[in-house]
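# Coordinate inspection notes
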Amino acid sequence: MTVTSEGGHLSAQRGDRPKEELFPEAADIFFRKSVEGRRLFRYADNGKVDALIDRRNNEDVIWKKIK
C-alpha cells in the first residue's frame, strides 16, 4: 500500500487498484467513503509513523513502513 499527500488530502493505493481518498475522523484515524473500517497511523518511539493499521470487522491488518 502506498499513502500519498496531494493538495492537502491523503490517499491510499494498493497495487493496480484505484487511489482511495482518506478522510480524517481524528488526528490519526481516517476512513474511506462507502467502506466500513478505519485506517490508523501508528507511531514509533521517535515520533515518526512506522505503520498503517487497516481495521475492518474488529480485525487489524498492519502495513509496516518500508520507505
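Quick summary incoming for the structure in this document. (Residues numbered from 1 in each chain as written. Predicted model: local features only at pLDDT ≥ 70, side-chain atom pairs only at ≥ 80, totals over all residues. Heavy atoms only, no water.)

In terms of strand pairing, strand E1 (residues 2-6) meets strand E2 (residues 9-13) through 5 bridges, oriented antiparallel. Within E2, the position partnered with Thr2 by the bridge is Gln13. Here E1 hands over to E2 after 2 residues, with Gly7 in that stretch at a positive phi of 60°. With 3 bridges joining them, E2 and strand E3 (residues 20-26) adopt antiparallel strand pairing. Considered in E3, the bridge of Leu10 is made with Leu22. Between the antiparallel neighbours E2 and E3 lie 6 residues, among them Gly15 with a positive phi of about 55°. (Pairing = 2+ DSSP bridges. Helix = DSSP H or I, 4+ residues; strand = E, 2+ residues; numbered from the N terminus.)

This brings us to the sheet that holds E3. In space, the 7 strands of this open sheet follow the order E1-E2-E3-E4-E5-E6-E7, with antiparallel pairing throughout. Two strands close off the open sheet at either side, each with one partner strand: E1 and strand E7 (59-64). The sheet shows a mean angle of 35° between the axes of neighbouring strands, taken without regard to direction. Note that strand E5 (residues 38-43) and strand E6 (residues 49-56) share 6 bridges and pair antiparallel. (Axes fitted to C-alpha atoms, helices over the stretch in contact; angles between N-to-C directions.)

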